[in-house]
Amino acid sequence: MQRLSSALPHRFPIPRVSPSPAKSSRVCAEVSVMDRKRRMEPGVGESSQKKALSLRKNNARSARSISYIQIFGTGMDTGETSPCVLLFFDSKRFVFNAGEGLQRFCQENKIKLSKVDHVLLTRVCSETAGGLAGALLTLAGDVGLTLNIWGPSDLQCLITAMSTYLPNASFFYTHAFGKDGKLLPEHAKDPNIAVLLEDDLVKISAVLLVPFSDKQGEGKKFRPGDVAVVYVCELPEVRGKFDPVKAAALGLRPGRKYALLQSGTSVLSDDGTTEILPESVMEPSSPGPKVILVDCPTMFHIPSLLTANGLKGLYTSDGAASVACIVHMSPAIVVNDSKYQDWMRLFGSTEHILAGSGCSNSLSPILKSSAKILSKLNFACPYVFPVPGYGYESSKNQQILLQQQNNLSVTIAKNLLKFRLLPLSGLGMDGSSVPEAFDGKVHTEELIECVPEILPLTEKLKEFWKAYGSKDLVEEPWFDKGADSRSLSSSSLTKEIPDTLKAIGRKEVELIFLGTGSSQPSTYRNVSAIYVHLFANGGMLLDCGEGTYGQLLRRFGPSTDSVVAGLRLIWISHIHADHHGGLSRILSVRRQLLSKSGNVEPLLVVGPKLLKRVLEAYDMVEDLGVEFLDCSQTTLEASDIAAGGQPKGFVSSIVSGSQEGRSGLMQWVQRGYHLRNGLDEAGRSKLQDTLQALGLSSLVSVPVIHCPHAFGVVLEAQNKADTSKAGWKLAYSGDTRPCKAFIEASYGATVFIHEATFEDGMSEEAVSKMHSSTHEAIQAGALARAYRTILTHFSQRYSKVPVFDDSYNDRTCVAFDLMSIDLVDLPLLPSLIPVLKLLFKDDQAEEQAVPEAVAQ
């Protein structure tokens, strides 16, 4: 096996800062993570030069060392992302793959990402690396942290894409290998094998799998990013146990010399006459266990796997286990192939863990905390919080056809399943960490027991929605939590329903909140995304934070494929990662779905101009099937210019009476700033065709006050053909301070969705971070004369529910993840507030004492 000498580490410069003179390259095998504690010692400052440590000898490990691999169940209940595997040592952590939801998964299970030293990708694509950017953004604040990222082929393209919005990329090193599908030069014995790193803990080697087809006329084209990696992890030999009886017989008393002998160092006897060798007092060493992680993503990769010379030395002919464990990240369709199964049998009695898509059998949600909240909300009002599509991955699973024969031992992966490597006495499967199955009924019963008054109130609410949700309302019904719901009658109808709602039928427009938190995914709330479900006309996304695809799977279950394939437009408010981190995954999945029919029409993405650079870099890794239009081309200014007039539109400014934000932001929101390069006629024409297909008459982006190139959006529906009534109007603020331009553009909105990152007592934080408080968001809705105001984008300090205060009125509601609102139910929406206050009364008291979370 050849040692890698051609793959060099790359330390990515801090974005927007001129790079310093090039430093000398270092061989990636010589890169070692600086001890974190030493980074914090006095005298070791930023000016201290980092030392490239040489390779250490493959010393034997102590029998008392602890090491294991563990399955992280990201996507195990939905299948939206590649599995993630942890290789654990006492002093170091390796994570293989970082798909979407990794950060949220670690928070759920109290796993510290800051302790991870290396991230190794089996492929460079959104499926395996969709959660990497979010994790790096979180880790960027850890002083003294150093992280190494390894991956094949186009890893640098991925890092280039992320550099646009990573505030500090100087703490991690990237190691890209396998250019053009080769690790070593042409004359190497096997150009697809190399040792990536080796120290006294583990030696990790890479075997490349390059896809190809042996069928003539197949017409299959592969990109460099299609290259996959098999990682071979070899632990050094394990020293035998120390025998104190033998040591005493050789003239040694207990003390420091015992420790030296156990570390492999010879000592002199206590009388100084005899040299005592370690092997004289130690039991024989044992070979270190080996682990293989296989990602064979398609049938086209199987031939490369079968002919990989780097793995042949691990095959066995006598049925014994040459490898302790093989973790298969390959999907079920590949694992079911007879050739793949024959290859598995070459390893004798090795333990096989099937962790790939379609192999897991989890009917239980992986994110149990958010599922617990949702089960309570579903109990309170199933009309707005329907039961999600949990178990979707299991419902679409293919049957694994493996037979327990020929010494083939197979285990279906479970969330947090471990395979222990050290100590050798404990070698094998360990399911003690696997969580119990989730049962929503148990949590509902606990709720009723702890808050008994919730039961009669929820019953009244359900009867109220049942009674009025099926009617063509002319006036609003009033929900009195203290009244007998059976006494509600037309006399309770107090406010007239707006004409824009009278023309709407059920299942014409539905708003689904896929993420309602800010900054980063949390245990209870995902980051920003709203799906506007237009049923027969398809749908669109307003923002697309990391994990959006997984949330769609949890909401729609088996129908998700049709939902993603039916997307016609994605609108992104600004460049912060919590608003677009899930975009590449959604686009990739959509393209894969449409490619089955051979009709991949590019999807229109409207966003800030910096997003184009991100999408272009991602498109070098995998084909996204996307067309981009700058938000500035969809402003009223652009429409004025297109009509042949002078740009007018709205000038963004702080709402009168509120405190000013950063003065440096004001230049970019002035008239004409965005359109100095003229109009994108082709893009605007594509937008008009898309809006027509969606049944919309207009989409207007409004510059708002948060960061440069931040926008809100206003959508208006087409008038009904059989009525003169105007179509509905939806306004979404994105992230912003209270903004006069957005309020003016939103005037008379049917539904007004506004960020409410902070509670009213945190006005200084709201101003400094360019966000809005609860009161400011509600006031903005009132100034816009909106029919209903829905608050979202809550700081993660309010992990379950924001603080309810006196500013809430009968036109306001709070958004939760997976909340689904049919527009015909908007008149009933305020009736949720009394139930939500009671449902989370204890949580509000707890969360007011939680320290502030960082919000972008």
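Residues numbered from 1 in each chain as written. Predicted model: local features only at pLDDT ≥ 70, side-chain atom pairs only at ≥ 80, totals over all residues. Heavy atoms only, no water.

So, the environment of Val702
Where we set the bar: Put simply, DSSP H or I for four residues or longer makes a helix, DSSP E for two residues or longer makes a strand, and each gets a number counted from the N terminus.
Mapped onto the fold, Val702 is located in strand S25 (residues 696-703). On a C-alpha basis, the gap between Val702 and Glu637 in space is 9.6 Å, while along the polypeptide they are 65 residues apart.

Notes on the packing of aromatic side chains
Convention followed: What counts as a ring pair is set by centres within 6.5 Å for rings of Phe, Tyr and Trp (its six-membered ring), and what kind of pair is set by the plane angle: stacked under 30 degrees, edge-to-face over 60, tilted for all other angles. Per-residue accessibility, obtained with a 1.4 Å probe over protein chains only, is compared with the maximum for each type, and a residue is labelled buried under 20%, exposed over 50%, and partly exposed between these values.
All told, the structure shown has 14 aromatic pairs when counted by the stated rule. Ring centres 4.8 Å apart and planes at 55° place the aromatic pair Phe242 and Tyr258 in the tilted group. Here Phe242 is found in the loop between strand S10 (228-234) and helix H6 (244-249), whereas its partner Tyr258 is found in helix H7 (residues 256-262), with 16 residues between them in sequence. Pair check on accessibility: Phe242 and Tyr258 agree, each one buried. Between the aromatic rings of Trp343 and Phe347, the centroid separation amounts to 5.0 Å while the plane-to-plane angle is 80°, which identifies the pairing as edge-to-face.

Examining unusual backbone geometry
In this structure, Pro423 follows Leu422 across a cis peptide bond, with omega equal to -5°. The topology assignment puts Pro423 in the loop between strand S17 (418-422) and strand S18 (428-430). The backbone phi angle of Arg785 is positive, close to 55°, even though this residue is not glycine. Here Arg785 falls in the exposed class, since its relative accessible area comes to 54%.

Considerations on the confidence of the model for the protein
Inclusion rule: Per-residue confidence from the predictor is reported as pLDDT, a score between 0 and 100. Note on contacts: a residue pair is in contact if any heavy atoms of the two residues lie within 4.5 Å.
Looking at the protein, pLDDT values average 80 and 76% of them are 70 or higher. Contacts for the low-pLDDT stretch residues 1-58, under 50 throughout, to residues beyond four places or in other chains number 108 contacts.

Regarding the side chain of Asn526
The residue Asn526 is located in the loop between strand S19 (510-515) and strand S20 (529-533) in this model. Excluding residues within four positions of it along the chain, Asn526 makes contact with Arg104, Leu514, Gly515, Thr516, Gly517, Pro521, Glu546, Gly547, Thr548, Gln551 and Asp817.

With respect to helix H5 (residues 155-163)
Most of H5 sits out of view: 7 of its 9 residues are buried. Within H5, burial applies to Leu155, Cys157, Leu158, Ile159, Ala161, Met162 and Ser163. Turning to H5, the residues buried within the fold contact helix H3 (126-129), helix H4 (132-139), strand S6 (147-152), strand S7 (172-177) and helix H20 (609-619).

Some remarks on a negative patch on the surface
Condition: Put simply, a patch holds well-exposed residues, over 30% relative accessible area, that have no salt bridge, with like charges counted together within 9 Å and Val, Leu, Ile, Met, Phe, Trp or Tyr side chains within 5 Å. Every accessible area reported is derived by Shrake-Rupley at a probe size of 1.4 Å, with residue values counting cover from the shown protein chains alone. Here, a salt bridge means any side-chain nitrogen of Lys or Arg that lies within 4 Å of a carboxyl oxygen of Asp or Glu. The charge count treats Lys and Arg as positive and Asp and Glu as negative. His and the chain ends do not count. Note on charges: their place is set at NZ of Lys, CZ of Arg, CG of Asp or CD of Glu.
A contiguous patch of negative charge on the surface is contributed by Asp439, Glu445, Glu446 and Glu449. Within the fold, Asp439 resides in the loop between S18 and helix H14 (440-450).

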